[in-house]
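Residue-level structure breakdown
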Amino acid sequence: MKNIAVIYKSKYGTTKRYAEWIAEELDAALIEESKVKISQLQSYDLVIFGGGLYASGILGVKLVTENPCKNLIVFTVGCAKPEITDFSNILKKNFTPELLEKIKVFHLRGGIDYKKLGLIDKGMMAMMRKMIMQKDEKEKDSEYEAFLETYGNKVDFTDKGTIEPIVKFAKEMVER
Ligand SMILES: Cc1cc2nc3c(=O)[nH]c(=O)nc-3n(C[C@H](O)[C@H](O)[C@H](O)COP(=O)(O)O)c2cc1C
């Protein structure tokens, strides 16, 4: 079996949960982003990096966008429904076009518990809500609707079954 590392950065735990599931399925090393030594990255045949989505940024992703890996898969974890979300801006913001050609990116759905949010995060979500509420009805697309549906609540959309395409892709990649 090839040498695989699942590296993650998570603020409230949902990305960590997915990283644990993926590492278990692939019998891979599981490492928190802050504990990774940059010189270590190249020693893995495949790095799978997972980061929570925060205002379209992928938490901690610079570790793998600024340092080369032999093979790279990235997964994002956000509240938005992956089936109806347009991730093109997120991809543009976090990766160069050259890197995007070489890697594979997956999107998973996390969750949120407004009671557990830090003050700054709570404030950001309140601002986001205000911004959406000010939009014209016709501008409020399904992504915004999904945000408003979950606003203020505790929701958990984490689903082990959704890691399957990542596990399958990773297995094919290392067998190549
Ligand atoms: C301040 C803030 C900004 C967020 N921005 C986004 C976003 O741009 N897109 C998205 O899908 N989810 C967004 N979310 C939701 C988180 O991505 C979601 O809660 C995710 O599961 C968090 O991952 P973690 O538990 O690993 O930290 C945001 C949450 C907070 C608190």
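About the cut-offs
- Residues numbered from 1 in each chain as written.
- Predicted model: local features only at pLDDT ≥ 70, side-chain atom pairs only at ≥ 80, totals over all residues.
- Core = buried A, V, L, I, M, F, W, Y, C linked by C-beta atoms within 7 Å.
- Buried ≥ 20, exposed ≤ 12 C-beta atoms within 10 Å, placed from the backbone.
- Helix = DSSP H or I, 4+ residues; strand = E, 2+ residues; numbered from the N terminus.
- Contact = placed C-beta atoms within 7 Å.
- Near = placed C-beta within 6 Å.
- Nonpolar A, V, L, I, M, F, W, Y, C, P; charged D, E, K, R; others polar.
- Domains from an automatic or database assignment.

By size, the foremost hydrophobic cluster in this structure holds 31 residues, and its most contacted members are Val6, Ile22, Val47 and Ile48. Put simply, the parts of the chain that give this core at least two residues each are β1 (4-9), α1 (14-26), β3 (46-54), β5 (72-78) and α8 (164-175). Dropping the residues within four chain positions of it, Ile48 is found in contact with Ile4, Val6, Ile22, Ile73 and Ala170.

One can expect most non-glycine residues to show negative phi and most peptide bonds to be in trans. Positive phi, normally seen in glycine, also occurs at Asp27, with a value near 55 degrees. Structurally, Asp27 is set in the loop between α1 and β2 (29-32). Its identity is not glycine, yet Ala55 carries a phi of approximately 45 degrees, on the positive side. Within the element layout of this structure, Ala55 appears in the loop between β3 and β4 (57-58). Exposure remark for Ala55: the 9 C-beta atoms within 10 Å place this residue in the exposed category.

Close to the ligand lie 22 residues; Ser10, Thr15, Gly52, Gly78 and Gly110 are nearest. The set of elements that each furnish at least two residues to the shell around the ligand consists of α1, β3, β5, β7 (111-113) and α6 (119-133). Residues that form the shell around the ligand fall into these classes: 11 nonpolar, nine polar and two charged. Counting contributing residues per domain, the shell around the ligand is built from domain 1 (4-110 + 157-175) and domain 2 (112-155), each supplying no fewer than three.

It is worth spelling out the environment of Asp45 at this point. For Asp45, the position within the fold is in the loop between α2 (38-41) and β3. In the structure, Asp45 is positioned 12 residues away from Glu33 in sequence and 18 Å away in space, judged by C-alpha atoms. Not counting residues within four places of it along the chain, the set of residues in contact with Asp45 comprises Lys2, Asn3, Ile4, Lys70, Asn71 and Val174.

All right, on to the environment of Thr85 then. Position of Thr85 among the secondary structure elements: in the loop between β5 and α4 (88-94). Thr85 sits in the partly exposed class, given 19 other C-beta atoms within 10 Å. For the pair Thr85 and Ala146, spaced 61 residues apart in the sequence, the C-alpha separation amounts to 10.0 Å. With sequence-adjacent residues up to four places away left out, Thr85 is seen in contact with Ala80 and Glu143.

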